[in-house]
Amino acid sequence: METAFANRHFSYHKESGYTGFIIAMICVCVVETVGVSFLLYKWSPVLHWIHLFLSVSTILFLILDLHAVTKNPILIQHDELIIKVGLRPTVQIRLSNILEIKSGKMNFENDRKKKEVLDLSLLGFDEPTFEIVLAEPIHEKNKSIQRIFFTVDDERAFYKLVNQGRGNH
């Protein structure tokens, strides 16, 4: 049986296919790196080493991002919602600053490119489960963020817990 503390951690990668996609990308990168490096070494050893360095860096980034995604759940601690998606920056929101939480599927396609919107969906082409509208904007990288799109695997428990924290039972 889950405890109240266990319900404060929410995964966001299990239902998205992100793990399979990243593993496939790593496999493709390894095959491409070996093949192209072999061809480049005979043609230009300098280009070979540059390509090898960039390819290994890309593979390392994919592995680290996958590890970060699987090990960093979305948290609700005290009166804050903490969203850390992979290696992307952490977003902390006071629950009292959440004006509205609604389905992310309604406005995502039209609004995802707007300046006041922060898209934290994993693959970029999956529709997020939630859109959070903030009462007061937060500032992230010289941007004023008013709305945040993201995905949570256990939608009902997350929605219920956020609304309890906001005071809307």
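The structure we're discussing is the one just above.
Residues numbered from 1 in each chain as written. Predicted model: local features only at pLDDT ≥ 70, side-chain atom pairs only at ≥ 80, totals over all residues. Heavy atoms only, no water.

**Q** Give me the overall build of the protein: which residues, what numbers.
**A** Along its length, the protein carries four helices and eight strands. Start at the N end of the protein and walk to the C end: the helices and strands fall as β-α-α-β-β-β-β-α-β-β-β-α. Burial analysis of the protein (169 residues in total) assigns 39% to the buried set. In the protein, 62% of the contacts between residues at least 6 apart in sequence involve partners at least 24 apart. Total accessible area computed for the protein in this model is approximately 10400 Å², and 61% of it derives from carbon and sulfur atoms. (Helix = DSSP H or I, 4+ residues; strand = E, 2+ residues; numbered from the N terminus. Buried < 20%, exposed > 50% of the residue type's maximum accessible area, 1.4 Å probe, protein only. Contact = heavy atoms within 4.5 Å. Areas by Shrake-Rupley, 256 points an atom, 1.4 Å probe, with all protein chains shown as cover.)

**Q** Tell me about the sheet that holds strand 2 (residues 74-77), and please be specific about residues and values.
**A** Strand order in the open sheet formed by four strands is 1-2-3-4, with antiparallel pairing between adjacent strands. Lying at the two open borders of the sheet, with one neighbouring strand each, are strand 1 (9-10) and strand 4 (91-94). Inspection of the sheet shows strand 2 paired to strand 3 (residues 80-83) by three bridges, in the antiparallel sense. The partner of Ile-76 across the bridge, within strand 3, is Leu-81. Sheet strands in contact with helix 4 (residues 155-166) are strand 1, strand 2 and strand 3, and its direction is about 30° off that of strand 2. (Pairing = 2+ DSSP bridges. Axes fitted to C-alpha atoms, helices over the stretch in contact; angles between N-to-C directions.)

**Q** How would you summarise the sheet that holds strand 6 (residues 117-119) if you had to cite specific residues and measurements?
**A** The strand order across the open sheet built from four strands is 5-7-8-6, with neighbouring strands paired in mixed fashion. Each edge of the open sheet carries a strand with a single partner, namely strand 5 (98-103) and strand 6. This sheet shows a mean twist of 35° between the axes of neighbouring strands, independent of strand direction. Where strand 7 (residues 130-140) and strand 8 (residues 143-150) come together, seven bridges link them in antiparallel fashion. Counterpart to Ile-132 in the pairing with strand 8 is Ile-148.

**Q** Can you explain unusual backbone geometry? Please cite residues and give values.
**A** Look at His-78: it is not a glycine, yet its phi comes out positive at around 55°. By the secondary structure assignment, His-78 is in the loop between strand 2 and strand 3. Here His-78 falls in the exposed class, since its relative accessible area comes to 76%.

**Q** Can you lay out the packing of aromatic side chains for me, pointing to particular residues and giving the numbers?
**A** By the definition in use, this model includes five aromatic pairs. Ring plane angle 40° and centroid distance 6.1 Å describe the contact between Phe-130 and Phe-150, whose orientation is recorded as tilted. Taken together, the positions of Phe-130 in strand 7 and Phe-150 in strand 8 put the pair 20 residues apart, joining distant regions of the chain. Relative accessible area serves as the criterion here: at 5%, Phe-130 is assigned to the buried category. (Phe/Tyr/Trp six-rings, centres within 6.5 Å; stacked < 30°, edge-to-face > 60°.)

**Q** Tell me about a nonpolar patch on the surface, and please be specific about residues and values.
**A** A contiguous nonpolar patch, built from Trp-43, Val-46, Leu-47, Ile-50, Phe-53 and Leu-54 and spanning about 690 Å² of accessible area, is present on the exposed surface. Assessed through its relative accessible area of 57%, Phe-53 is described here as exposed. (Patch = residues over 30% accessible without salt bridge, like charges linked within 9 Å, V, L, I, M, F, W, Y side chains within 5 Å. Salt bridge = Lys/Arg side-chain N within 4 Å of Asp/Glu carboxyl O.)

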